[in-house]
Amino acid sequence: MIEVDNIHKSFGDHHVLKGISTVFEKGKTNLIIGQSGSGKTVFLKCLLGLFEPDEGNICYNGQLYSELSIKQRRNLRQEMGMVFQGSALFDSMTVEGNVMFPLDMFTNQSKSEKQDRVDFVLKRVNLIDAHKKYPAEISGGMQKRVAIARAIVMNPKYLFCDEPNSGLDPKTAILIDNLIHEITQEYDITTIINTHDMNSVMEIGEKIIFLKNGFKEWEGTNKEIFKTENTAVTDFVYSSELFKKVRQMYIEERN
Amino acid sequence: MKYLEAIGKYFIMVWEVFKKPTKWRIMKTLILKEVDELVYGAMGIIVFISFFIGGVVTIQTALNLNNPLLPKSLIGFATRQSVILEFAPTFTSIIMAGKVGSYITSSIGTMRVTEQIDALEVMGVNSLNYLVFPKIIAMFMYPFAVAISMFVGVLGGWIAAVFGGYAPSGDFIQGLQMDFDSYHITYAFIKSVVFAFVIATVPSYHGYYMTGGALEVGKASTTSFVWTSVVIIIINYILTQLLLG
């Protein structure tokens, strides 16, 4: 569980995060949504420990980040997995090398133990024949799966995803969403996804936070987002005609 | 002010490189890979340029020594001094700033653009140590390349002198041995070690702290070559004054 209490972050005169408080629960898929420039990426980077908030606290399973020593922060980082928007796989390494990298860096396991773990996570993300391929030789969807495999190989307690569906076709995007959701429940991870994808919001958003101009404008579940009267949220989520119709149908169905 | 800030940032980067080291088992592989890429990979161009520059220095010296009272051995002497003192350590370093420096900036810059450096940081890896330290250590092999450059440069000069008819082999070799001061070799190696550090770190700085996309990677490579060359030239002046002045 991650508890965020009134965090602020500025860059020079630009006040990006203006007092955000929330709780991200364990075993749940938490989504951060909002327009470009609303502060989503900065918020995610604060949660990852890449940016230090100017004010406020972030608590990881009861450990206050600001009170952790450098060594404890380093150890905490090893409990985090991250799936980047562009996958961020190491070009010079094979798929297997990418997934094995955290094990090589932070464990003293034998080669066969590491190989077993890599085979297991690659199988879990449905990648069986790509071990020896380089990132440039596989599709965008496969790269995302490798990135997920690399993120979970160390059994993280926290999984962060920055727009995991960007650049993917709708079918692959749904597969990636479902995979992240399944992994979250299966391994009881606190997952936080930064997304623009409304399909993800509807499908896997067990908790959704809507940011606007650095403030937390709304928070709820994918069921509640249908009912909300908050115009900032409805203008953003139901900006397309299709989603407007979906919402209308949902409301009519409930009535 | 901007330059002062950049210089400060560079020294902070260098400090960070030596903190929180990567496991030796992994670092060893990275260093060997970098030796292959940075030093061994540059040997072809170093040998080629050294050979011809040595020849050109010999021809230029011979053409300017047209007084019959001056001994032909001076051609060998001048070639040796030019190659050992300046050409091999300094001129080769400028070439390396172009070849190796732009490779370092573009490879690290691309990792920055594609978030690979962020991925390392999120995992808790000291990305500066992981990326820059092996390059610094690999570049400590650079004095060997400079030694080869010295030998090939003198060889090029001897071939140009003998086969171009500018000086007999005996006179040229006598010139090579004349008033030889082994400290000049030490001076050249001291310079090459310092230049090796500059070639590994200045381009790394430009790649690591770059922002933007593919176009900016290209711009950073050019800027890195310019600044590496400037730093080499300034340090060359300072070291020459300190060690020979």
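Parameters and conventions
- Residues numbered from 1 in each chain as written.
- Chains lettered and ligands numbered in written order.
- Predicted model: local features only at pLDDT ≥ 70, side-chain atom pairs only at ≥ 80, totals over all residues.
- Helix = DSSP H or I, 4+ residues; strand = E, 2+ residues; numbered from the N terminus.
- Rg over C-alpha atoms; globule rule 2.2 N^0.38 Å.
- Buried ≥ 20, exposed ≤ 12 C-beta atoms within 10 Å, placed from the backbone.
- Contact = placed C-beta atoms within 7 Å.
- Nonpolar A, V, L, I, M, F, W, Y, C, P; charged D, E, K, R; others polar.
- UniProt positions renumbered as here; feature names shortened; annotations may be inferred.
- Domains from an automatic or database assignment.
- Pairing = 2+ DSSP bridges.
- Axes fitted to C-alpha atoms, helices over the stretch in contact; angles between N-to-C directions.

### Remarks on the overall build of chain A
Here's step 1: Within chain A one finds 10 helices and 10 strands.
Here's step 2: For a compact globule of 255 residues, the expected C-alpha radius of gyration is about 18 Å, and chain A comes in at 19 Å, within 12% of that figure.
Here's step 3: With the C-alpha coordinates aligned to their principal axes, the bounding extent of chain A is approximately 55 × 45 × 30 Å.
Here's step 4: The burial tally for chain A puts 40% of its 255 residues in the buried class.
Here's step 5: Within chain A, contacts between residues separated by at least 24 positions form 66% of all contacts whose residues are at least 6 apart in sequence.

### Regarding the environment of A:Asp169
All names here are of chain A.
Here's step 1: By the element assignment, Asp169 lies in the loop between β7 (158-162) and α6 (170-187).
Here's step 2: Residue class for Asp169 comes out exposed when judged on the 12 C-beta atoms lying within 10 Å of it.
Here's step 3: Each C-alpha atom of the pair Asp169 and Ile128 lies 21 Å from the other, and the pair is 41 residues apart in sequence.

### Re the interface of chain A and chain B
Here's step 1: Every contact between the two is made by 14 residues of chain A and, on the other side, 12 residues of chain B.
Here's step 2: Where the side of chain A that touches chain B is concerned, the elements lending two or more residues are α2 (70-77), β6 (80-83) and α3 (95-106) of chain A.
Here's step 3: Element by element, the count of residues in the side of chain A that touches chain B is highest for α3(A), at 3 residues.
Here's step 4: Broken down by class, the residue content of the side of chain A that touches chain B amounts to 9 nonpolar, 2 polar and 3 charged.

### Looking at the UniProt feature "transmembrane region" (unreviewed entry) in chain B
Here's step 1: Under the feature "transmembrane region" (unreviewed entry), the UniProt entry names residues 38-63, 136-164, 185-205 and 225-244 of chain B.
Here's step 2: The straight-line gap between the two end C-alpha atoms of residues 136-164 of chain B is 41 Å; of that span, 90% is helix and 0% is strand.

### Re the environment of B:Pro21
Here's step 1: Among the structural elements, B:Pro21 can be located in the loop between α1 (2-17) and α2 (24-39).
Here's step 2: Along the primary structure B:Pro21 and B:Phe52 are separated by 31 residues, whereas in three dimensions their C-alpha atoms are 42 Å apart.

### Some points on the domain arrangement of chain A
Residues and elements named next belong to chain A.
Here's step 1: Partitioning chain A into structural domains gives domain 1 (1-79 + 157-222) and domain 2 (92-155).
Here's step 2: Computed over C-alpha atoms, the centres of domain 1 and domain 2 are 24 Å apart.
Here's step 3: With 11 residues of domain 1 at the contact, the number on the domain 2 side is 10 residues.
Here's step 4: Per element, the largest residue contribution to the side of domain 1 that touches domain 2 is 6 residues, and it comes from α6.
Here's step 5: Residue composition of the side of domain 1 that touches domain 2, by class: 8 nonpolar, 3 polar and no charged.

### What to know about the UniProt feature "domain: ABC transporter" (unreviewed entry) in chain A
Here's step 1: Look at the UniProt record and you will see "domain: ABC transporter" (unreviewed entry) annotated at residues 2-238 of chain A.
Here's step 2: Its end C-alpha atoms 29 Å apart, residues 2-238 of chain A is made of 39% helix and 26% strand.

### Some words on the pairing of strand β2 (residues 14-24) of chain A
Residue and element names in this part refer to chain A.
Here's step 1: Of the strand pairs in this sheet, strand β1 (residues 2-11) and β2 are connected by 8 bridges, and their pairing is antiparallel. Looking at the pairing, Ile2 lines up with Phe24 of β2.
Here's step 2: Taken together, β1 and the strand that follows it, β2, pair antiparallel across an intervening segment of 2 residues, in which Gly12 is found at a positive phi of about 65°.

### Side note on the sheet that holds strand β9 (residues 207-212) of chain A
As a general point, the strands of a sheet are linked pairwise by backbone hydrogen bonds and lie either parallel or antiparallel.
Residues and elements named next belong to chain A.
Here's step 1: What the 6 strands build is an open sheet, ordered β6-β7-β8-β3-β9-β10; its pairing is mixed. Since the sheet does not close on itself, it has two edges, and those belong to β6 and β10 (215-220), each with one partner. Taken pair by pair, the neighbouring strands of this sheet meet at an average axis angle of 20°, ignoring direction.
Here's step 2: Here β7 pairs with strand β8 (residues 190-194) via 5 bridges, running parallel. Within the sheet, the bridge partner assigned to Cys161 lies in β8 and is Ile193.

### Thoughts on unusual backbone geometry
Residues and elements named next belong to chain A.
Here's step 1: Notably, Asn61 is not glycine yet its phi reads approximately 45°, a positive angle.
Here's step 2: Residue position: Asn61 is located in the loop between β4 (55-60) and β5 (63-64).
Here's step 3: The exposure class assigned to Asn61 is partly exposed, which follows from the 13 C-beta atoms found within 10 Å.
Here's step 4: The backbone of Glu163 sits at a positive phi, close to 45°, despite the residue not being glycine.

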